[in-house]
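# A look at the structure
Listed here are the chains, written in short residue letters.
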Amino acid sequence: MGSIFTLSIVQSALELGCIYALVALALFISFSILNIADLSTDGCFTLGCAVCAMVTISGHPFLALFAAMAAGICSGFITALLQTKMGIESILAGIIVNTGLYTINIAVMGFASNVNLFKCETIFSLAKDAIGGNFYKIIVVLIIVVIVGILLSLFLNTRLGLSIRATGDNADMVRASSINPAFTITIGLCVANSLTALSGGVLAQYQKSCDINLGTGMVTIALASLIIGESLIGKGSMFRRVLGVILGSCLYRFIVAIALRLNVPAECLKLVSAIIVAVAIASPYLKKKFAFMRQRRIAIKNFKNGGNGAC
């Protein structure tokens, strides 16, 4: 067991877990708070990766992250526009945007299927020169995730954030309170997609490459992280829920790392992800089901014992 949890595996799982936690936080906003199934996540992740890669090649690694977030905001705005102004269901709107983003992404990459950043300065290479050692990457991603997590928690507790949360609970009530739900949905999706694109941008600089198919299956990964985090932490304050999503993402990467360590073929990782999602989603229901069956058995046993005593 000790050979499975080596320092390099733990470090890599934490680094990737923190990077993908940004996508999980995006899904936390759209799926858990707004109650919207945003299927544009895959394309938006690649969009952030592509934009960040091209701006990084131009020699602006820090500006590249903000450019990626701006591109994500545009993607979220289009998705929200299709839902709120054109009457398209959220799932269909996400599929439409995701499909269109494939062409946009490959155009951003100069109509090449992949781009490498091996000769470019990135935030990680700059951190290596400034910090040194073997933990500079995890320090960078932790700083980014901590800042995003704190800002997101504070934002969702503001008046606008509370309006977004209320929209997901009951849009009719929000409308009756003279708040435009179309506006809150648009803001929520723009924030969510900016985090998705930021995650793609950080990953591009982390692995110094960008591929057109990099975002495939990102919804599954983020959903697994989100469900695992909510199962571990449960309900509570907004900061606690955000922290749970981040921990869920790291735990998901640990599970994947263990699967790779146990020589699970790379081709089977999507199946592993699907199984993790299925188990994570079904676990709350199964817990309630087992608890009900246990109480039922106890009640039947008590009834029989009471009946025998009465006889």
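In this convention, every chain numbers its residues from 1, walking through the sequence in written order. Only residues with pLDDT of 70 or above have their local features reported here, since the model is predicted, and side-chain atom pairs are shown and tallied only from 80 upward, although totals for entire chains, interfaces and linings are computed over all residues. Derived side-chain values reflect all non-hydrogen atoms in the structure, with water molecules and hydrogen atoms excluded from consideration.

### Side note on the overall build of the protein
Looking only at helices and strands, the protein features 12 helices and 2 strands. Starting at the N terminus, helices and strands are each numbered in turn, a helix being any DSSP run of H or I of at least four residues and a strand any DSSP run of E of at least two. Put simply, the protein runs from its N terminus to its C terminus through helices and strands in the order α-α-α-α-β-α-α-α-α-α-β-α-α-α. The dimensions of the protein, computed from C-alpha atoms along their principal axes, are 90 × 60 × 35 Å. Throughout this description, buried means an accessible area under 20% of the type-specific maximum (1.4 Å probe, protein chains only), exposed means over 50%, and partly exposed covers the range between. Here the protein, with 311 residues, has 47% of them falling under the buried criterion. As displayed, the protein offers around 15700 Å² of accessible surface, 67% of which is attributable to carbon and sulfur atoms. Per-residue accessibility takes into account occlusion by the displayed protein chains alone, with areas from the Shrake-Rupley method and a 1.4 Å probe.

### Some thoughts on the nonpolar core
Here, the term nonpolar core denotes a set of buried Ala, Val, Leu, Ile, Met, Phe, Trp, Tyr and Cys residues that are joined through side-chain atoms within 4.5 Å. Membership of the largest hydrophobic core comes to 84 residues, with the highest contact counts inside it found for L25, F28, F124, I144, V202 and L203. Among the elements that take part in this core, helix α1 (residues 7-33) stands out by supplying 14 residues, more than any other. Should any heavy atoms of two residues lie within 4.5 Å, those residues are considered in contact. If we skip the residues at most four places from it in the chain, F124 touches Y136, K137, V140, V141, V202, Q205 and Y206.

### Considerations on the side chain of T46
Along the polypeptide, T46 turns up in helix α2 (residues 41-57). Pairs of N or O atoms within 3.5 Å make up the polar contacts considered here, provided that, within protein, one atom can donate a hydrogen while the other can accept it, and that residues adjacent in sequence are counted only when both atoms are side-chain atoms. A polar atom in the side chain of T46 sits 3.1 Å from the backbone nitrogen of G215. The residues contacting T46, other than those within four sequence positions of it, are N105, D211, I212, L214 and G215.

### Details of helix α5 (residues 123-130)
Among all positions of α5, only I123, F124, S125 and A127 are buried. At the C-terminal side of α5, G132 shows a positive phi close to 75 degrees.

### Observations concerning the pattern of salt bridges
Counted as salt bridges are all cases of a side-chain nitrogen of Lys or Arg within 4 Å of a carboxyl oxygen of Asp or Glu. Evaluation of the coordinates by the stated rule reveals 1 salt bridge. Across the salt bridge formed by D172 and R175, the nearest N and O atoms sit 3.0 Å from each other. With D172 and R175 both in helix α8 (residues 171-176), this residue pair falls 3 residues apart, about one helical turn. For D172, a relative accessible area of 55% corresponds to the exposed category. Take R175: its relative accessible area is 47%, and that puts it in the partly exposed class.

### Some thoughts on the confidence of the model for the protein
Along the chain, pLDDT gives the predictor's confidence residue by residue, from 0 to 100. Of the residues in the protein, 96% have a pLDDT of 70 or more, and the chain-wide mean is 87. Mean pLDDT per element in the protein: helix α12 (residues 269-310) is the minimum at 78, and helix α3 (residues 61-84) is the maximum at 95.

### Concerning α2
In a helix, the anticipated span is given by 1.5 Å times the number of residues less one. The end-to-end C-alpha distance of α2 is 24 Å, a good match for the 24 Å that 17 residues give at a rise of 1.5 Å each. Where burial is concerned, most of α2 is hidden: 15 out of the 17 residues are buried. One or two positions beyond α2, positive phi appears at G59, with a value near 100 degrees.

### Points about the state of the cysteines
Working definition: a disulfide is two cysteine sulfur atoms within 2.5 Å of each other. The tally for this structure, following the rule as stated, stands at 0 disulfides. There is no disulfide at C18, and the cysteine sulfur nearest it, in C250, is 4.2 Å away. Free of any disulfide, C49 has its nearest cysteine sulfur in C210, 3.3 Å distant. Using a relative accessible area of 0% as the deciding quantity, one classes C49 as buried.

### Section: the packing of aromatic side chains
Each aromatic ring pair is characterised by the separation of its centres together with the angle its planes make. Between rings of Phe, Tyr and Trp, where Trp is taken as its six-membered ring, a pair exists when centres lie within 6.5 Å; planes separated by under 30 degrees are stacked, by over 60 edge-to-face, and by other angles tilted. According to the stated counting rule, one finds 2 aromatic pairs in the structure shown. With a centroid separation of 6.2 Å and 20 degrees between ring planes, the pair formed by Y20 and F45 is classed as stacked. Of this pair, Y20 sits in helix α1 while F45 is found in helix α2, placing the two residues 25 residues apart along the sequence. Where F124 meets Y206, the ring centres are 5.6 Å apart and the plane angle is 75 degrees; that geometry is what we call edge-to-face. A residue pair is termed long-range when its members are at least 10 positions apart, and F124 in helix α5 and Y206 in helix α9 (residues 181-207) qualify at 82 residues.

### Looking at the packing of α3 against α9
Between α3 and α9, the least distance of the axes is 6 Å, while the angle of their chain directions is 145 degrees. The hand of the α3/α9 crossing is right-handed. Considering only residue class, the contact of α3 with α9 consists of 15 nonpolar, 11 polar and no charged. For helices, the axis comes from a line fit to the C-alpha atoms of the stretch in contact; other axes are also lines fit to C-alpha atoms, and the angle between any two N-to-C directions lies between 0 and 180 degrees. Left-handed is the label given to a crossing in which the near helix is rotated counterclockwise from the far helix by less than a right angle, and right-handed is the label when the rotation is clockwise. When residues are sorted by character, Ala, Val, Leu, Ile, Met, Phe, Trp, Tyr, Cys and Pro go into the nonpolar class, Asp, Glu, Lys and Arg into the charged class, and all the rest, Gly among them, into the polar class.

### Structural notes on the environment of I185
Relative to the assigned elements, I185 resides in helix α9. Taking the relative accessible area as the measure of exposure, I185 reaches 17% and is therefore buried. Counting along the chain gives 104 residues from I185 to L81, while the straight-line C-alpha distance between them is 9.4 Å. Dropping the residues within four chain positions of it, I185 is found in contact with L34, I36, A80, T84 and T167.

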